[in-house]
Amino acid sequence: QVQLVESGGGLVQPGGSLRLSCAASGSIFAINAMRWYRQAPGKQRELVAGISSSNSTDYADSVKGRFTISRDNAKNTLYLQMNSLRPEDTAVYYCNGFVVVGDDFRMRSYWGQGTQVTVSS
């Protein structure tokens, strides 16, 4: 019914930048809150940043001032601009969205498949 597909990951040197995208498609009536999570090897998945339907944002302390979350509602797309990247930012990044499905107008949580971000020299 609904798919979330991330893109934009890759290998970058410390201090570099990447921009992640998460495109939602399918039977979408509306998308409420959207979030980026990440999971490093051997660690639990953690919340990185979130954005509401009214564009209110919040960030994990570890990424404040370096990462910026945004969304384009016309394109059903979520973004994460990551600057000043550090080796400890290395992880698989996942997007999560609370979608009102057009088929039955019920809200459900959907996840993307993840995109790898590696910060290394």
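Everything that follows concerns the structure shown earlier in this document.
Take the sheet that holds strand β3 (residues 18-26) next. Ordered in space as β1-β3-β8-β7, the 4 strands form an open sheet in which the pairing is antiparallel. The outermost strands of the open sheet, each flanked by one partner alone, are β1 (2-7) and β7 (67-72). Direction aside, the axes of adjacent strands within the sheet are offset by 15 degrees on average. When β3 meets strand β8 (residues 77-82), the two strands line up antiparallel, connected through 6 bridges. Note on β8: the bridge partner recorded for leucine 20 is leucine 80.

Formed by 30 residues in total, the largest nonpolar core has its most connected members in Trp36, Val48, Phe67, Leu78, Leu80, Met82 and Tyr93. Broken down by secondary-structure element, the contributors of at least two residues to this core are β1, β3, β4 (28-39), β5 (46-51), β7, β8, β9 (91-101) and β11 (115-119). The biggest single contributor to this core is β9, with 5 residues. Apart from the residues lying within four places of it in its own chain, the contact partners of tyrosine 93 are Glu6, Leu20, Trp36, Tyr37, Arg38, Val48, Phe67, Leu80, Met82, Gly114, Thr115 and Val117.

Per the stated rule, a full pass over the model turns up 1 disulfide. Put simply, cysteine 22 and cysteine 95 are joined by a disulfide, and their sulfur atoms are 2.0 Å apart. Across the S-S bond linking cysteine 22 and cysteine 95, the dihedral sits near 50 degrees, which makes this disulfide right-handed. Of the two residues, cysteine 22 sits in strand β3 while cysteine 95 sits in strand β9, which places them 73 residues apart along the sequence. In this pair, the class of cysteine 22 matches that of cysteine 95, namely buried.

Here valine 2 is to be found in strand β1. In the structure, valine 2 is positioned 108 residues away from tyrosine 110 in sequence and 7.5 Å away in space, judged by C-alpha atoms. Excluding its chain neighbours within four sequence positions, the residues that come into contact with valine 2 are Ser25, Gly26, Ser27, Ile28, Val99, Val101 and Tyr110.

Another point: the environment of tyrosine 93. Mapped onto the elements, tyrosine 93 comes out in strand β9. A relative accessible area of 0% places tyrosine 93 in the buried class. Looking at tyrosine 93, its side chain comes within polar contact range of the side chain of arginine 38, at 2.9 Å.

Basis of the calculations
Residues numbered from 1 in each chain as written. Predicted model: local features only at pLDDT ≥ 70, side-chain atom pairs only at ≥ 80, totals over all residues. Heavy atoms only, no water. Pairing = 2+ DSSP bridges. Helix = DSSP H or I, 4+ residues; strand = E, 2+ residues; numbered from the N terminus. Axes fitted to C-alpha atoms, helices over the stretch in contact; angles between N-to-C directions. Core = buried A, V, L, I, M, F, W, Y, C linked by side-chain atoms within 4.5 Å. Buried < 20%, exposed > 50% of the residue type's maximum accessible area, 1.4 Å probe, protein only. Contact = heavy atoms within 4.5 Å. Disulfide = S-S within 2.5 Å. Polar contact = N/O pair within 3.5 Å; in protein donor to acceptor, adjacent residues only side chain to side chain.

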